[in-house]
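# Observations on the three-dimensional arrangement
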Amino acid sequence: MGGCGPWARPELLVLLGSAWLWVGSAHPTPPGPTLAPGPQLRFRLAGYPRKHNEGRVEVFYNDEWGTVCDDDFTLGNAHVLCRHLGFVAATGWAHSAKYGKGVGRIWLDNVNCAGTEKSIGDCKHRGWGNSDCSHEEDAGVVCKDERIPGFKDSNVIETEQSHVEEVRLRPVVSGGRRQLPVTEGIVEVRYKDSWAQICDQGWDSHNSRVVCGMMGFPAEKKVNRNFYRLASKSQPKQKRREDVGPKKRLFTERQQLNYRLHSVSCTGMEVHLSMCSFEFYRGNSSAACGAGMPAVVSCVPGPLFTTGSAHKKKQRQQQQQQQGQPRIRLKGGARVGEGRVEVLKSSEWGTICDDRWNLQSASVVCRELGFGSAKEALTGARMGQGTGPIHLNEVQCRGTEKSLWNCPFRNITQEDCKHSEDAAVRCNIPYMGYENLIRLAGGRTEFEGRVEVKRGSKWGTVCSDGWTTKEAMVACRQLGLGYSLHAVTETWYWDASNVTEMVMSGVKCAGHEMSLSHCQHHGASLSCRNTGTRFAAGVICSETASDLLLHAPLVQETAYIEDRPLHMLYCAAEENCLASSARLANWPYGHRRLLRFSSQIHNRGRADFRPKAGRHSWVWHECHRHYHSMDIFTHYDILTPNGTKVAEGHKASFCLEDTECEEDVAKRYECANFGEQGITVGCWDLYRHDIDCQWIDITDVKPGNYILQVVINPNFEVAESDFTNNAMKCNCKYDGHRIWVHSCHIGDAFSEEANKRFEQYPGQLNNQIS
């Protein structure tokens, strides 16, 4: 390769995408108590996704690259390693193979640095190669983006020549520039302060698949290279227009081609172009590429991002209906294309254990759902813990499978995994530009402020009439700021903007939309009760949120009927816990028939559940002698099979507190002595069947077959990462004297077919429940 124009070294192709450097003679490594003499050490940052100053730590020792275990890892260790890498200090570190699992030896374990050592060899550790870890425990570091003064860049072997971070598709067709997402164009990589092209000699569909995955598209399609060849040749403008026709008219401006890469070779399993092998041009590369041309890619968008007529969308929906319900979904994510992975097996949704979970398996999930390749394969229930069964373990996809179900996996056993090990993904999604049409003004931080949206060329406010948590969730998603913590309807204290005109009103969202413009709204016919910036809509966003769900089996186990005398129900009547007909009863004589049950409400999210109202506005109830932090915390309903409500109850938050917690989780909330109320992540609040209002008044209900429904946080007063799991349903038979409650489950726990069977349940003919 020495006589060729391109510069490349075979050994660097293996190290593509990682930064590594020598600790050479300028910085000799002094011998430490556990450092074996002889070989010099090299260090590099590796893994994906990452920036240039972060990554998995890899050490070259004894002629072999290896990793560092995260056992006992500290910020002091990270400081020493970052200085080895030429950075002044560390700002953080990562555990559990955040940047992907390494290969080869695990050279160091139980490293313990004070942070001031000159070499990692001066720190205490178990000895080179002595480790009891797996690569699932590979440590990473985040270094401060500031180089050590005088640090010789010549020590950096992996320099910009072999580093590819940013990639884009540049459309060259007139219609292509206006329409998002961009699905077809010339592939370009960031080079210095501009963009450079890739020579397409040897370019194949595997390469296109990788690029499309990075751009957020599940698949690639064949492209008309002849059309683009015209664009790359210097021809008279009029001639080019005649050749390609008016529908595909090229932009007339000419751009000097600047080739950067050639001989790109991907297998199709990679999640980023930097993981493929390729070679770099050096020097003046504008005349390079010989008979080739810039690499061009055309991608197939997923259903959420398909543009075109309503007729095409309707056809696509019909195709999806014919294929049946999907067997995979994402839950609990704040943004589109991220969440906990759940799969449908034996008509029941369940999670995946994170053992051996990697970017290849995550990418199969992402593409199956209509997104691109995976940005991150998340472990340790980073998107909250699921419920129900854990269906799969040790999923090992190659990355080319059409479905996760085509990948090898191991069926779970009871002792294998817990929901604290639920796997999750963050997928690449197409750039749609929605975040450029919304902004926050006046807030103390970037996560809060008055919402301003761009309509046409004008920025303006949003009317706060009907502005709820659901609308705020969409706004935070569009901003890329996570979940909504609060939906704010008075924003006079955020009045720091010169924007005063209202441009949007009547916003009503389902909660899943990608942009406020996708929600129902008044359009050009604005209507708002309270005008002016004081009543403009605002949000407080958060990267994390709670997630409440009811423990369904406990409801089934504890349900029973009690005939309670009226003279014992005065406090309950005061708090509206009885049916309306109770007002007409002959107090204090007679009784009410109550369906009692216990409810155990777990917080499986990533933030504590706190009442919306501050302690100063809690309501004191003298009769029960406690504070209500939420007027309605749960709804209890008895429904007929067709959904008609025949009895109802509600439960105020008598006392939101941590009754019990999982192992290693400390209680934070206790109601005694006007204490703080809430439910900590990993804890649950238990309302026993024998306390007031923990019932439904069924005095007026006739014998028959019904559905018992319990809904937590029914008015969406407090933001959660997932509202679809807030409802629980049970089948029940009431014969006028006794009640049988069975088949209790969280509302979205079963397949669509199983839910239909549940709703069409014919009822019990006897008291034998199978």
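Residues numbered from 1 in each chain as written. Predicted model: local features only at pLDDT ≥ 70, side-chain atom pairs only at ≥ 80, totals over all residues. Heavy atoms only, no water.

### Some points on the overall build of the protein
- Helix and strand counts for the protein stand at 12 helices and 41 strands.
- Restricting to contacts in the protein with at least 6 residues of sequence separation, those with at least 24 account for 71%. (Helix = DSSP H or I, 4+ residues; strand = E, 2+ residues; numbered from the N terminus. Contact = heavy atoms within 4.5 Å.)

### Some thoughts on the state of the cysteines
- A complete count under the given rule lists 15 disulfides for this structure.
- Between the sulfur of Cys199 and that of Cys289 lies a disulfide, 2.0 Å long from S to S. Across the disulfide from Cys199 to Cys289, rotation about the S-S bond amounts to roughly 80°, and the bridge is consequently right-handed. One end of the pair, Cys199, is in the loop between strand 10 (194-198) and helix 4 (205-214); the other, Cys289, is in the loop between strand 13 (277-280) and strand 14 (296-300), with 90 residues separating them in the sequence. The same class applies to Cys199 and to Cys289, which are both buried.
- A sulfur-sulfur separation of 2.0 Å characterises the disulfide bridge that pairs Cys476 with Cys541. (Disulfide = S-S within 2.5 Å. Buried < 20%, exposed > 50% of the residue type's maximum accessible area, 1.4 Å probe, protein only.)

### Remarks on the sheet that holds strand 28 (residues 548-550)
- In space, the four strands of this open sheet follow the order 28-31-37-36, with antiparallel pairing throughout. At either end of the open sheet lies a strand with only one pairing partner, and these are strand 28 and strand 36 (660-661).
- With two bridges connecting them, strand 36 and strand 37 (residues 683-687) associate as antiparallel partners. Bridge pairing in strand 37 links Glu660 to Trp684. (Pairing = 2+ DSSP bridges.)

### Section: the environment of Lys98
- Assignment of secondary structure puts Lys98 in the loop between strand 5 (90-94) and strand 6 (105-108).
- Lys98 gets classed as partly exposed once you look at its relative accessible area, which sits at 38%.
- Separated by 51 residues in sequence, Lys98 and Gly47 have C-alpha atoms that sit 8.6 Å apart.

### Concerning the packing of aromatic side chains
- One pass over the structure, following the stated rule, counts 15 aromatic pairs.
- Judged by centre distance (5.1 Å) and plane angle (45°), the rings of Tyr570 and Trp587 are tilted. Here the residue Tyr570 occupies a position in helix 11 (residues 570-574), and Trp587 occupies one in the loop between helix 11 and strand 30 (591-596), the gap between them amounting to 17 residues.
- Note on Phe597 and Tyr636: the rings are 5.1 Å apart at their centroids and 75° apart in plane angle, and the pair reads as edge-to-face. With Phe597 in the loop between strand 30 and strand 31 (599-603) and Tyr636 in strand 34 (residues 634-639), this residue pair connects regions lying 39 residues apart in the sequence. With respect to class, Phe597 is no different from Tyr636; both count as buried.
- Over the ring of Phe60 we find Arg42; its NZ or CZ atom is 3.7 Å from the centre of that ring.
- The cationic tip of Arg329 hangs over the ring face of Trp349; the distance from NZ or CZ to the ring centre is 4.1 Å. (Phe/Tyr/Trp six-rings, centres within 6.5 Å; stacked < 30°, edge-to-face > 60°. Lys NZ or Arg CZ within 6 Å of the ring centre and 35° of its normal.)

### Re the side chain of Glu720
- Mapped onto the fold, Glu720 is located in the loop between strand 39 (704-712) and strand 40 (727-734).
- Here Asn726 takes part through its side chain, which lies 2.8 Å from a polar atom of the side chain of Glu720.
- Among all residues touching Glu720, those that are not within four sequence positions of it are Met473, Ala545, Ser546, Asp547, Leu548, Phe609, Asn713 and Asn726. (Polar contact = N/O pair within 3.5 Å; in protein donor to acceptor, adjacent residues only side chain to side chain.)

### Regarding the pairing of strand 21 (residues 424-427)
- Both faces of strand 21 are covered, namely the face carrying Ala424 and Arg426 and the face carrying Val425 and Cys427.
- Pairing between strand 16 (residues 338-345) and strand 21: three bridges, direction antiparallel. Bridging from a neighbouring strand, Glu338 pairs with Arg426 of strand 21.
- Sheet analysis places strand 18 (residues 374-378) next to strand 21, joined by four bridges and oriented antiparallel. Bridge pairing in strand 21 links Ala377 to Val425.

### Some remarks on the nonpolar core
- Membership of the largest hydrophobic core comes to 35 residues, with the highest contact counts inside it found for Phe597, Phe633, Leu708 and Met728.
- Among the secondary structure elements, those contributing two or more residues to this core are strand 28, helix 10 (552-558), strand 34, strand 39, strand 40 and strand 41 (739-746).
- Contact partners of Phe597, with chain neighbours within four places excluded, come to Val555, Thr558, Ala559, Tyr636, Tyr687, Arg688, His689, Gln694, Ile696, Leu708 and Val710.
- Membership of the second largest hydrophobic core comes to 27 residues, among which are Val336, Val343, Val364 and Cys397. (Core = buried A, V, L, I, M, F, W, Y, C linked by side-chain atoms within 4.5 Å.)

### Let's talk about helix 4
- Counted residue by residue, helix 4 has eight buried out of 10 residues, so it is predominantly covered.
- Every buried residue of helix 4 is listed here: Asn207, Ser208, Arg209, Val210, Val211, Cys212, Gly213 and Met214.
- For helix 4, the secondary structure elements touched by its buried residues are strand 8 (167-170), strand 9 (184-191), strand 11 (219-221), strand 12 (259-265), strand 14 and helix 8 (359-368).
- Within two residues after helix 4, Gly216 carries a phi angle of roughly 100°, on the positive side.

### Re the environment of Gln360
- Along the chain, Gln360 falls in helix 8.
- Judged by relative accessible area, Gln360 falls into the partly exposed class, the value being 23%.
- Put simply, Gln360 and Met269 are 91 residues apart on the chain and 6.8 Å apart in space, counted from C-alpha to C-alpha.
- Not counting residues up to four positions away in its chain, the partners in contact with Gln360 are Met269, Cys397, Arg398 and Gly399.

### Regarding the side chain of Ser274
- By the element assignment, Ser274 lies in the loop between strand 12 and strand 13.
- Within polar-contact distance, the side chain of Ser274 engages the side chain of His272 at 2.9 Å.

### Thoughts on the sheet that holds strand 29 (residues 560-565)
- The strand order across the open sheet built from three strands is 29-30-38, with neighbouring strands paired in antiparallel fashion. The open sheet terminates on both sides in strands that have one partner only, identified here as strand 29 and strand 38 (695-697). On average, each strand axis in the sheet is inclined to that of its neighbour by 35°, with strand direction left out of account.
- As paired elements, strand 30 and strand 38 share three bridges and run antiparallel to each other. (Axes fitted to C-alpha atoms, helices over the stretch in contact; angles between N-to-C directions.)

### Some words on helix 2 (residues 75-84)
- With seven of 10 residues buried, helix 2 is to be regarded as a mostly interior element.
- All buried positions along helix 2 are accounted for by Gly76, Asn77, Ala78, Val80, Leu81, Cys82 and His84.
- One side-chain oxygen of the residue at the start of helix 2 lies 3.3 Å from the amide nitrogen of Gly76, identifying that residue as Thr74.
- A positive phi of about 95° marks Gly86, the residue just after helix 2.

### Structural notes on the confidence of the model for the protein
- When pLDDT is averaged along the protein, the result is 82, and 83% of the positions lie at 70 or above.
- Confidence drops under a pLDDT of 50 for residues 1-38, and excluding neighbours within four residues, the segment shows 91 contacts in the predicted structure.
- Here residues 234-254 scores under 50 on pLDDT; set against residues more than four positions off or in separate chains, the count is 32 contacts. (pLDDT = per-residue confidence, 0-100.)

### Details of the pattern of salt bridges
- What the rule picks out here adds up to 35 salt bridges.
- Residue Lys645 pairs with Asp637 through a salt bridge whose shortest N-O separation is 3.7 Å.
- Lys645 sits in the partly exposed class, given a relative accessible area of 46%.
- Asp637 sits in the buried class, given a relative accessible area of 5%.
- A salt bridge links Arg688 to Asp690, with the nearest nitrogen and oxygen atoms 3.0 Å apart.
- For Arg688, a relative accessible area of 42% translates into the label partly exposed. (Salt bridge = Lys/Arg side-chain N within 4 Å of Asp/Glu carboxyl O.)

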